[in-house]
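The chain contents come next:
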Amino acid sequence: ELICMVITGNATTENAINALRQGAYDFITKPVNGGAMNAALDRALAYRALLVENNRYREHLEEMVRVKSTELSLALENITKSYQFSLETMVAMLDSREYETGQHSLRVRDLTLALARHMGYEGRQLEEIGRGALLHDIGKIGIPDEVLLKPGKLSTQEWQVMRKHPEIGYRFLKNSDFLKTAAGIVLSHHESFDGTGYPNHLKGEEIDIGARIFSVIDSYDAMRSPRVYKESFSQEKALAEIRGKAGTQFDPHVVEAFEAFLPELEKIGNWPG
C-alpha cells in the first residue's frame, strides 16, 4: 500500500513515462516548489486512503462470497438429494408393478456405478451414468399393464408395444437439463454392440458408454435374480452367457472389465448362490 513518487532533476519525457510505467503515482521535477509538493502529497495520501479502503472492501467482499458460496452449495446439495430421493421413490413404485420388490432399478444402478468406477469413470460423468441406470425403465410407465404384467410370452404385437419403452422414457426426460444425459442412456439401453438392438440400431461406440456398461449389468442381474416364472442362473452359467455375447450384444471391453470385477459385483448384488 506504499505510494511511490519520483523527484528528479533529469525531467525528460522518457524518464517520466518510464517512472509511471514502473508504478510511480507522481513525477515531480526539481527545483521543488513547496506548495506544489504539498498538493502532490495530499493527492497521494488521498489516493492511498482510497486504495486501503478498496482493499478492505475487497477482502470483506471475498469473505461474503465465500460464505454465500458455501450456503449456495449446501442448498444445491439439498435440492439434488431431494430430487434424487424423488427419482428413487418414483422408480421403486414402477419396479413394484413389474417385480416382486421395488429394488431392481436401485440394485442395477449401484452395480452399474461400481463397474463404471472400476473402469475409471468419475465425477459428473459417473453421476450421469448412475442416473441413466436408475431411470432405464422409466418409459414402462407408458406401457399398458396387460402387456407389462403379462405372465406368459408376449405376442409379436405386444412385443412391439413393449419395445417402445426406451423412446417413451427418452421423451419424458430429454427436456430436463439435469436428466439430458440420462435420457440418452435410457434411449439406447437396448441397443446391441453389433447394431442389432433397438430402437435406432446403433453400433459400437455410437452407443453411449453408460448404456454399454448398463446392458451387461442388467442382463447379468436378470439371469442371477430369481423370478416367479424362472429360477436364477448360477454365477458360472450367467458369466458364460455374458462371455458368449461379447462383440454381438455387449461391448467386449466392458465384458472384460466386468469379468475382472465380478467378485466385487457379486458382493453388491447379493444374489443367491
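For clarity, every value in this text was computed on a predicted model and none was experimentally measured.

1. Brief notes about the side chain of E266
Turning to step 1, where the next piece is worked out: Secondary-structure assignment places E266 in helix α11 (residues 252-269).
Turning to step 2, where the next piece is worked out: When near neighbours in sequence (up to four residues on either side) are disregarded, E266 contacts Y220, R224, Q235 and W271.

2. Looking at the nonpolar core
Turning to step 1, where the next piece is worked out: Counting residues in each nonpolar core, the largest one holds 32 residues, and the members touching the most others are L115, I242, F258 and L265.
Turning to step 2, where the next piece is worked out: Those elements that provide at least two residues to this core are α3 (104-118), α4 (123-134), α9 (209-224), α10 (235-244) and α11.
Turning to step 3, where the next piece is worked out: Ranked by the residues each element gives to this core, the list is headed by α9, at eight residues.
Turning to step 4, where the next piece is worked out: Filtering out sequence-adjacent residues up to four positions away, L265 remains in contact with L111, A114, L115, I217, F258 and W271.
Turning to step 5, where the next piece is worked out: Among the nonpolar cores identified, the runner-up in size contains 11 residues, and V91, L106, I138 and V186 belong to it.

3. Looking at the pattern of salt bridges
Turning to step 1, where the next piece is worked out: Counted under the stated rule, the structure contains 11 salt bridges.
Turning to step 2, where the next piece is worked out: Ionic pairing is found between E158 and K150, a salt bridge with its closest N-O pair at 2.7 Å.
Turning to step 3, where the next piece is worked out: Close ionic contact of E264 with K267 constitutes a salt bridge, the shortest N to O distance being 3.4 Å. One end of the pair is E264 and the other is K267, both in helix α11 and three residues apart, which spans about a single turn.

4. Overview of the pairing of strand β2 (residues 26-29)
Turning to step 1, where the next piece is worked out: Bridge count between strand β1 (residues 5-8) and β2: four bridges; the pairing is parallel. Note on β2: the bridge partner recorded for T8 is T29.

5. Focus: the packing of helix α7 (residues 165-173) against helix α8 (residues 180-188)
Turning to step 1, where the next piece is worked out: Put simply, α7 and α8 touch, their axes get as near as 8 Å, and they point 175° apart. The pairing of α7 with α8 is recorded here as roughly antiparallel in orientation. Taken together, the residues of α8 that come into contact with α7 (itself represented by P166, E167, G169, Y170 and L173) are K180, A183, G184, V186 and L187.

6. Digging into unusual backbone geometry
Turning to step 1, where the next piece is worked out: Each neighbour pair has its own omega, and for K30 with P31 the value is -5°, a cis peptide bond.
Turning to step 2, where the next piece is worked out: Note the cis peptide between Y198 and P199, where omega equals 10°.
Turning to step 3, where the next piece is worked out: Position of P199 relative to the elements: it lies in the loop between α8 and α9.
Turning to step 4, where the next piece is worked out: Phi at H201 takes a positive value of approximately 55°, unusual for a residue other than glycine.
Turning to step 5, where the next piece is worked out: Mapped onto the elements of the fold, H201 is located in the loop between α8 and α9.
Turning to step 6, where the next piece is worked out: Overall, H201 belongs to the partly exposed group, its relative accessible area being 48%.
Turning to step 7, where the next piece is worked out: Even without a glycine there, the phi angle at N270 is positive, about 50°.
Turning to step 8, where the next piece is worked out: By the secondary structure assignment, N270 is in the segment after α11.

7. Some remarks on α8
Three or four residues apart is the spacing at which side chains of an α-helix point the same way, because the helix has 3.6 residues per turn.
Turning to step 1, where the next piece is worked out: Those residues of α8 that fall on the buried side of the exposure criterion are A182, A183, I185, V186, L187 and S188.
Turning to step 2, where the next piece is worked out: Against the buried residues of α8 lie α4, α7 and α9.

8. Structural notes on the packing of aromatic side chains
Turning to step 1, where the next piece is worked out: For the structure shown, the criterion picks out three aromatic pairs.
Turning to step 2, where the next piece is worked out: On the basis of an interplanar angle of 80° and a centroid distance of 5.3 Å, the ring pair of Y220 and W271 is categorised as edge-to-face. A residue pair is termed long-range when its members are at least 10 positions apart, and Y220 in helix α9 and W271 in the segment after α11 qualify at 51 residues.
Turning to step 3, where the next piece is worked out: The exposure class assigned to Y220 is buried, which follows from its relative accessible area of 1%.
Turning to step 4, where the next piece is worked out: Overall, W271 belongs to the buried group, its relative accessible area being 10%.
Turning to step 5, where the next piece is worked out: Put simply, the rings of Y220, F258 and W271 touch in pairs and so form one group of aromatic residues.
Turning to step 6, where the next piece is worked out: For the cation-ring pair, R131 lies above F178, with the distance from its terminal atom to the ring centre recorded as 4.1 Å.
Turning to step 7, where the next piece is worked out: Note that K237 overlies the ring of F233, its terminal NZ or CZ placed 4.3 Å from the centroid.

9. Some details on the packing of α4 against α8
Turning to step 1, where the next piece is worked out: The contact between α4 and α8 brings their axes to 8 Å, and the two run at 50°. Accordingly, the angle class assigned to the pair α4 and α8 is oblique. The element α4 and its partner α8 pack so that their crossing is right-handed. Taken together, the residues of α8 that come into contact with α4 (itself represented by E128, I129, R131, G132 and A133) are T181, A182, I185 and V186.
Turning to step 2, where the next piece is worked out: The class makeup of the residues in the contact of α4 with α8 is five nonpolar, two polar and two charged.

Reading the values: rules and limits
- Residues numbered from 1 in each chain as written.
- Predicted model: local features only at pLDDT ≥ 70, side-chain atom pairs only at ≥ 80, totals over all residues.
- Heavy atoms only, no water.
- Helix = DSSP H or I, 4+ residues; strand = E, 2+ residues; numbered from the N terminus.
- Contact = heavy atoms within 4.5 Å.
- Core = buried A, V, L, I, M, F, W, Y, C linked by side-chain atoms within 4.5 Å.
- Buried < 20%, exposed > 50% of the residue type's maximum accessible area, 1.4 Å probe, protein only.
- Salt bridge = Lys/Arg side-chain N within 4 Å of Asp/Glu carboxyl O.
- Pairing = 2+ DSSP bridges.
- Axes fitted to C-alpha atoms, helices over the stretch in contact; angles between N-to-C directions.
- Parallel < 35°, antiparallel > 145°, perpendicular 65-115°, else oblique.
- Phe/Tyr/Trp six-rings, centres within 6.5 Å; stacked < 30°, edge-to-face > 60°.
- Lys NZ or Arg CZ within 6 Å of the ring centre and 35° of its normal.
- Left-handed = near helix turned anticlockwise from the far one by under 90°.
- Nonpolar A, V, L, I, M, F, W, Y, C, P; charged D, E, K, R; others polar.

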